[in-house]
Amino acid sequence: MIVFDLRCSADHVFEAWFASSAAYEAQQARALIRCPLCDCASVTKAVMAPSIAAKGNRASAGAEQQGRKAALAAMARAQAAVLGGSTWVGAAFAETARAMHYGDTPHAPIYGEATPADAQDLIAEGVKVAPLLIPVVPPPLRN
């Protein structure tokens, strides 16, 4: 996993985690990255200062890195627990959820991508949906 500082066109800066630089590039090319503050899709990498530990601080830098690895492992376990037994439907999420709601398709646990407008439309129709509040790496992008 890799973290990037990102900036939207409204000048909001936020962090986002990705499986790799290639995963970031793939999601950026598909306009899947949005500002969590204003929902703007015009997002670029922000300038990041490298984290360079002082010479006498090497032990604490190693402990910090171990803490980050442990946090990432915990997030991966949480993602697996939340998504276990569900099916990735990608960009067909709204269509699939709607078909289940209206009885055209058998009900099953699914997850995928939806625009904020699609999610609002689903909710207005009474389709039960919820955003995932943990970083999700779609199966096609997982390494």
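Quantities reported herein were computed from a predicted structural model and do not represent experimental measurements.

S.K.: Which parts of the structure should I look at to understand the packing of helix 3 (residues 93-101) against helix 4 (residues 116-124)?
M.R.: When two helices pack together, their arrangement is given by the angle between the helix axes and the distance between those axes. Interhelical geometry of helix 3 versus helix 4 gives an angle of 10° and a closest axis separation of 10 Å. Taken together, the axis directions place helix 3 and helix 4 in an arrangement best described as roughly parallel. Contacts between helix 3 and helix 4 involve Phe93, Ala94, Ala97 and Arg98 from the first element and Asp118, Asp121 and Leu122 from the second. Taken together, the residues of the contact of helix 3 with helix 4 break down into 4 nonpolar, no polar and 3 charged.

S.K.: I keep staring at the packing of aromatic side chains and nothing clicks. Help me out?
M.R.: Aromatic ring pairs are described here by two measures, namely the spacing of the ring centres and the angle between the planes. For the structure shown, the criterion picks out 4 aromatic pairs. Ring geometry for Phe4 versus Phe18: centroids 6.0 Å apart, planes at 40°, classification tilted. Of this pair, Phe4 sits in strand 1 (residues 2-8) while Phe18 sits in strand 2 (residues 13-18), placing them 14 residues apart in sequence. On the basis of relative accessibility, which here comes to 8%, the residue Phe4 falls in the buried class. Owing to a relative accessible area of 3%, Phe18 belongs among the buried residues under this scheme.

S.K.: Would you explain helix 3 in this entry?
M.R.: Residues that lie three or four places apart on an α-helix share one face, since the helix turns once every 3.6 residues. Of all the positions in helix 3, only Phe93, Ala94, Thr96, Ala97, Ala99 and Met100 are classed as buried. Of the surrounding elements, those touching the buried residues of helix 3 are strand 4 (87-90), strand 5 (110-112) and helix 4. Looking one or two residues beyond helix 3, the residue adopting positive phi is Gly103, at roughly 80°.

S.K.: Teacher, can you tell me more about the nonpolar core here?
M.R.: Grouped burial of nonpolar side chains is what soluble globular proteins tend to show. Ranked by size, the top nonpolar core spans 11 residues in total: Phe4, Leu6, Cys8, Phe14, Ala16, Phe18, Tyr24, Ile33, Cys35, Cys40 and Val43. If you list the elements that add at least two residues to this core, you get strand 1 and strand 2. Residues Phe93, Ala97, Leu122 and Val127 belong to the second largest nonpolar core, which totals 5 residues.

S.K.: Which parts of the structure should I look at to understand the environment of Val129?
M.R.: Along the polypeptide, Val129 turns up in the segment after helix 4. Note: C-alpha distance between Val129 and Tyr111 (18 residues apart in sequence) is 9.4 Å.

S.K.: Sorry, what's going on with the pattern of salt bridges here?
M.R.: Pairing is possible between side chains that carry opposite charge, provided their charged atoms lie close to one another. Scanning all chains against the criterion turns up 5 salt bridges. Between Asp39 and Arg34 there is a salt bridge; the shortest N-O distance is 2.9 Å. Classification of Asp39 as partly exposed rests on a relative accessible area of 30%. Judged by its relative accessible area of 35%, Arg34 is partly exposed. Between Glu125 and Arg98 there is a salt bridge, with its nearest N and O atoms 3.0 Å apart. With Glu125 in the segment after helix 4 and Arg98 in helix 3, this pair connects stretches of sequence that are 27 residues apart. According to the relative accessible area criterion, Glu125 is partly exposed, its value standing at 30%. Among the residues examined, Arg98 registers a relative accessible area of 27% and is labelled partly exposed.

The rules behind each value
- Residues numbered from 1 in each chain as written.
- Predicted model: local features only at pLDDT ≥ 70, side-chain atom pairs only at ≥ 80, totals over all residues.
- Heavy atoms only, no water.
- Axes fitted to C-alpha atoms, helices over the stretch in contact; angles between N-to-C directions.
- Helix = DSSP H or I, 4+ residues; strand = E, 2+ residues; numbered from the N terminus.
- Parallel < 35°, antiparallel > 145°, perpendicular 65-115°, else oblique.
- Contact = heavy atoms within 4.5 Å.
- Nonpolar A, V, L, I, M, F, W, Y, C, P; charged D, E, K, R; others polar.
- Phe/Tyr/Trp six-rings, centres within 6.5 Å; stacked < 30°, edge-to-face > 60°.
- Buried < 20%, exposed > 50% of the residue type's maximum accessible area, 1.4 Å probe, protein only.
- Core = buried A, V, L, I, M, F, W, Y, C linked by side-chain atoms within 4.5 Å.
- Salt bridge = Lys/Arg side-chain N within 4 Å of Asp/Glu carboxyl O.

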